[in-house]
Amino acid sequence: MANDRSELYTVEFSDKLALLAQQSQARLRPLVMSGTHTGKQASPCEYTDLGDLKQSSGRGNPITFDEPDHTRRWVNPVSWETPAAILDKLDDMRSKLSPQSNYSQQQVNKFNVKMDEVIIDSLFASAITGETATGSTAYDTGNDVAVGTTDLTLDKMLEAKQNLMQNEVNMDDPEEQVTMVITPHQYTSMVQIAQVSNSDYGNTVFDKDGMVTRWNGINIVVSNRLLDTNGIRATVNPGASAVREIPMFAKSGVHLGIWEDIYGEVTQQPHLSRKPWAVMSYGTFGATRLEEAKVVKIICKET
């Protein structure tokens, strides 16, 4: 029977439903640019290149003209929804708990995980470009820190940051805050580096539980949603010699477009016996890389 809740019928169990062990928020959403859009697709920004300066050669010279270059990025929305969780009066009569809010929270959790996946997948994918969204721009592999035979190292992190600085990312600008997303395996490797874990170096920020949340001006986010070079997420292959693609990016280099923010609803189903209630959640969003210069890939082998 679909959505059978018979395991809750006894009143001897706890009067609270514990949420499943799952990610409870979109970790990357506050670390990228975002905006609200309508329509079948949206262009979150346009770039204009006016050319280089030239030295004036004297007084009264003719004006020279230069046609600026214009480029445009596009983001496409994808709509998602959860299967309905049914709340039937038969179950409520035999159970001392009402799990509507727990069902809704779990559905929202799954949406937050999906939002992280959408952002992660956009970092190294081809971006849609052109006046009418008919072109594409590939990720710049020249930004790679391509040492795929070792775990995350101090040299790799420094080189990735160096690549961003060489690409004119302003590390002092709040809109350019830099984030590195790593798997639990790479986090373990990172905290074994003395320059990271030793507070004497003075460039590491720890949370109240001792987790590293920031190093050398870079936000550190741990996620199981990262891909390896075969396109397999860390949830499926958490190690086992996976060659992982670790992103480091500036906030202004990535855009999350929201057409319909995550929301849930509980609606009664009058066409079904006893008129049960259905709990569902919805969301429509998409993401794109805005600038190739602001996204770096660190290739690490999880040994």
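Draft legend 1. The nonpolar core, seen in detail. If you look at the biggest cluster of nonpolar residues, it comprises 47 residues, and the most contacted ones within it are Met-157, Met-180, Met-190 and Ile-298. For this core, the element with the highest residue contribution is helix α2 (residues 100-123), accounting for six residues. The contact partners of Met-180, leaving out residues within four places of it in the chain, are Leu-152, Met-157, Met-190, Ile-218, Asn-219, Ile-220, Val-221, Ile-246, Pro-247, Met-248 and Ile-298.

Draft legend 2. Region of interest: empty space enclosed by the protein. Scanning the entire structure with this criterion turns up one cavity of 30 Å³ or more. Looking at the largest cavity, its volume works out to about 40 Å³. A class-by-class count of the residues in the lining of the largest cavity yields five nonpolar, no polar and one charged.

Draft legend 3. Focus on the pattern of salt bridges. Overall, the coordinates contain twelve salt bridges when judged by the stated rule. A salt bridge links Lys-297 to Glu-245; the nearest nitrogen and oxygen atoms lie 3.5 Å apart. Here the residue Lys-297 occupies a position in strand β15 (residues 295-301), and Glu-245 occupies one in strand β12 (residues 243-250), the gap between them amounting to 52 residues. According to the relative accessible area criterion, Lys-297 is buried, its value standing at 10%. What emerges from the salt-bridge pattern is a single network uniting Lys-114, Glu-117, Asp-121, Arg-225 and Arg-233.

Draft legend 4. Region of the structure containing the packing of aromatic side chains. Inspection of the entire model under this criterion finds two aromatic pairs. When the centroid spacing of 5.1 Å and the interplanar angle of 70 degrees are considered together, the rings of Phe-124 and Tyr-139 count as edge-to-face. In this pair, Phe-124 sits in the loop between α2 and β6 (127-129) while Tyr-139 sits in the loop between β7 (135-137) and α3 (154-166), placing the two residues 15 residues apart along the sequence. Both residues of the pair, Phe-124 and Tyr-139, count as buried.

Draft legend 5. Quick look at the environment of Tyr-103. Considering the arrangement of structural elements, one finds Tyr-103 in helix α2. Along the chain, Tyr-103 and Ala-85 lie 18 residues apart, while their C-alpha atoms are 7.1 Å from each other.

Draft legend 6. Highlighting the pairing of β12. Burial within β12 is extensive, with seven of its eight residues counted as buried. Alignment of β12 against β15, held across seven bridges, turns out to be antiparallel. Across the sheet, the residue bridging to Met-248 is Val-296, located in β15.

Draft legend 7. How the structure looks around α3. Between the first and last C-alpha of α3 there are 18 Å, a value that for 13 residues agrees with the 18 Å anticipated at 1.5 Å per step. Considered for burial, the residues of α3 that qualify are Leu-154, Lys-156, Met-157, Ala-160, Lys-161, Asn-163 and Leu-164. Just beyond α3, the residue with positive phi is Glu-168, at close to 70 degrees.

Conventions adopted
Residues numbered from 1 in each chain as written. Predicted model: local features only at pLDDT ≥ 70, side-chain atom pairs only at ≥ 80, totals over all residues. Heavy atoms only, no water. Core = buried A, V, L, I, M, F, W, Y, C linked by side-chain atoms within 4.5 Å. Buried < 20%, exposed > 50% of the residue type's maximum accessible area, 1.4 Å probe, protein only. Helix = DSSP H or I, 4+ residues; strand = E, 2+ residues; numbered from the N terminus. Contact = heavy atoms within 4.5 Å. 1 Å grid on protein atoms, 1.4 Å probe; cavity = no way out; pocket = protein on both sides within 12 Å on 5 of 7 lines; lining within 4 Å. Points joined across faces, edges and corners; volume = space filled by probe spheres on them. Nonpolar A, V, L, I, M, F, W, Y, C, P; charged D, E, K, R; others polar. Salt bridge = Lys/Arg side-chain N within 4 Å of Asp/Glu carboxyl O. Phe/Tyr/Trp six-rings, centres within 6.5 Å; stacked < 30°, edge-to-face > 60°. Pairing = 2+ DSSP bridges. Expected span 1.5 Å × (residues − 1).

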